[in-house]
Each structure stands twice: as structure tokens, then as C-alpha cells.
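Inside the fold
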Amino acid sequence: MSKATSATESAQRSLISAKELARPRNRRLYYAVLTLTVIAFAAAFLYPLWWMASSALETPRQFAEQTPTLLPESVHLSAYKDAWTQMDIAHFFLNTVYYAAGGWAIQMAVDVCAAYALSKLRPVFGNIVFAGMLASLMLPAAALLVPAYLTVNDLPLFHINLVNTPWALWLPGAANAFNIYVLRRFFDQIPTDILDAASIDGASRLQVLLRVVLPLSRPVLAVVSIFSVVGMWKDFLWPLLVLQDPDRQTLSVALHRLSTSTTQVPPTEMIAGLTIAAVPMVVLFLFFQRHIISGLSAGALKG
């Protein structure tokens, strides 16, 4: 199939055919509706972020006014400064970075090995294990809180209490069923002939994984990494249960604790803390938004 034919077919896959768009009236109506739809969705998603970032620039008196304003009457950066220093946001920010980095490393190690084994090594009862992993996605997360907490409170066989330790966050999320599914789906598309050729050259199973499979899987590894980091960063309920020591809490849990404490925190200062907590994930998405779609839909090789 030629590139011209392919481009023609892709151009025809739309709600309105090219013949209909050739008419000036239809074209104007189409682009008017498209523009209004894009503006409406952009406003629905971006306005809460804008309100949060701009409200922290106001004084508490301006924030308390009943009539909301799109732009602050005057800009004051003191709320961000006070949130970073007085609320000790920097400490909790570093805590969250540490937990997210450790959780990402452990998740990648466990999920990649599990997906590689299920896809290429084909162990006995591998399909049953994989089906059990997918079945766990059907359960609501809240239903697993009690058994997970009892497990980390008294680790079976070792009888170790992991509460108030990073392992209470890292171990329960190590085997992520969704990440394993995405990775296995990608690994299945890698031709077995490539792996057999590496084995004939003397590569072990581990070397095949590290030197052949992982370099071919960079798009999907980027997607899984983003999901892992975002999941660890925004998680609230589980860290609230297992991180009871205030000094070891994540940013989301610390902000909740400060908002309900007896010490009165100005609303603009609290909103500034929420903005600081949201900025890293927004920046991460803006930088890697293309990798999310391309990594989920890309094949291992393109012929």
C-alpha cells in the first residue's frame, strides 16, 4: 500500500467526509463547532488549575470576598514562600520524591521481570497466574485496604512491622497488575526469533532481557514509569494509614493534616501548598503526554 493511498484513507476516517468539508458553509460550521468544543473542554480542565494557582497570589482578605475574580487584584508571592518555609513543604516534598523514586524502582524491577516471564518464559500455570492478576483489577482499592494493612502491620513469616517505613508504600504496589498487563502485551509483539538469535550467541535469559528486550521496550517503559510515579505521588488514603509519623508523611497527607490541625493556616497559604504539590505532575504530563499514547499503542518493531 502506497503512502498516498494510506494518507487518503486516514483523511477519510472522520465524522465528516472530505467532500462535505469542501463546501464553504459546512467547513465554517465544522471548525466553529470544533473550536467551541476544544475551548469548552480546555476551560473545564484548566480553570481549576488556574484558580488554584491564582488564588494563592491573593491576600486572605481578597480570597474571602464573595465575588470571585478571574485575575487577582494584586499579586503577592508571600503565600508560596510561607507555605514552603513555615508549613515545611520542602521537607514533605522531598519525602514524596523519595517515596516515588523508590516505588518506581521496585515496581519496574518486579513488573518487568513478571511480564517477561509470563510473555517469553511461559512458566507452568503462567496463564492462571496472569488471569489472577487481571482479576485483581476488578476489586475496588478500598476493599484491599484492611488486608493490606494487616499484612504490613505484621509481615507474614518474618513478623516485621512495616508501618511508618517506606516499605509499607513500596511492597504493596510492587506487583502492579495493570503495568504487568501493558508490559506483557508489548513483550508479546517482540519476535521470538530475535531472542533465539541472542540465546544462540550465548546470552543468558537475564542478558536477553537486559540487552535485547528492554532496549526495544523503551516506549512502553516510559509509559509504565509515568503511571508508577504519578500513582505514588497522588496516592492519599494508603499513605494516610501507614505513615502515622508526621515527619515521614507524604505531601498530600501532610497538607490534609495541616488543614485539620488546631494551628490556623491561612487559606491562601494552604492553596499555595496544594499548587506546589500539583506542579510536578502537571509538568511531567506536559513533557511526556505524547509518550503515553505512543507507548500504549506502539509495536515492538515496525515493518
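Calculation notes
- The written sequence of each chain sets the order in which its residues are numbered from 1.
- Thresholds applied to this predicted model are a pLDDT of at least 70 for local features of residues and 80 or more for the giving and counting of side-chain atom pairs; totals over whole chains, interfaces and linings are not thresholded and use all residues.
- Computation of side-chain values: all heavy atoms of the structure, hydrogens and water removed.
- Where helices and strands are cited, they refer to DSSP runs of H or I of at least four residues and of E of at least two residues respectively, numbered from the N terminus.
- Burial classification: accessible surface area is computed with a 1.4 Å probe over protein chains only, and a residue below 20% of its type maximum counts as buried, one above 50% as exposed, and the rest as partly exposed.
- In this description, contact between two residues means that some pair of their heavy atoms is separated by no more than 4.5 Å.
- Accessibility throughout is a Shrake-Rupley quantity obtained with a 1.4 Å probe, and a residue counts as covered only by protein chains that appear here.
- Helix span, expected: 1.5 Å multiplied by one less than the number of residues in the helix.
- Confidence of the prediction at every residue is given by pLDDT, a number between 0 and 100.
- Space inside and on the surface of the protein is sampled on a 1 Å grid over the protein atoms alone, with a cavity defined as a set of points where a 1.4 Å probe fits but cannot get out and a pocket as an open set with protein on both sides within 12 Å along at least 5 of 7 lines; lining residues have an atom within 4 Å of a point.
- Grid points are joined across faces, edges and corners, and a volume is the space filled by probe spheres set on the points.
- Each residue receives one of three labels: charged for Asp, Glu, Lys and Arg, nonpolar for Ala, Val, Leu, Ile, Met, Phe, Trp, Tyr, Cys and Pro, and polar for the others, Gly being one of them.

1. Examining the overall build of the chain
Scanning the chain for helices and strands turns up 16 helices and zero strands. For the chain, the spread of C-alpha atoms along the three principal axes comes to 75 × 70 × 35 Å. Residues counted as buried form 32% of the 303 residues belonging to the chain. Residue pairs at least 24 apart in sequence account for 74% of intrachain contacts in the chain once pairs closer than 6 positions are excluded. For the chain, the exposed area adds up to about 19,000 Å²; of that, 67% sits on carbon and sulfur atoms.

2. Details of helix α6 (residues 89–121)
The terminal C-alpha atoms of α6, which comprises 33 residues, lie 46 Å apart, in line with the 48 Å expected from a rise of 1.5 Å per residue. Backbone geometry just after α6 places R122 at a positive phi near 50 degrees.

3. So, the environment of S252
Mapping S252 onto the fold places it in helix α15 (residues 251–259). A residue is classified by how much of its surface remains accessible, and S252, at 23% relative accessible area, is partly exposed. The sequence separation of S252 and S225 amounts to 27 residues, and the corresponding C-alpha distance is 20 Å. The contact partners of S252, leaving out residues within four places of it in the chain, are D235 and F236.

4. Digging into the confidence of the model for the chain
On average, residues of the chain carry a pLDDT of 85, and 90% of them reach 70 or more. Confidence, expressed as mean pLDDT per element, reaches its minimum in the chain at helix α1 (residues 3–12) with 48 and its maximum at helix α9 (residues 167–170) with 95. Every residue in residues 1–11 scores below 50 in pLDDT, and together they form two contacts with partners more than four places removed in sequence or on other chains. Every residue in residues 299–303 scores below 50 in pLDDT, and together they form nine contacts with partners more than four places removed in sequence or on other chains.

5. Some words on the layout of surface pockets
Volume-wise, the largest pocket comes out at about 1,000 Å³. Lining the largest pocket we find 30 residues, and of these A141, L144, P172, G173 and N176 sit closest to its centre. Among the secondary structure elements, those contributing two or more residues to the lining of the largest pocket are α7 (126–136), α8 (145–153), α10 (177–187), α13 (218–234) and α14 (237–242). With six residues, α13 is the single largest residue contributor to the lining of the largest pocket. Taken together, the residues of the lining of the largest pocket sort by class into 21 nonpolar, seven polar and two charged.

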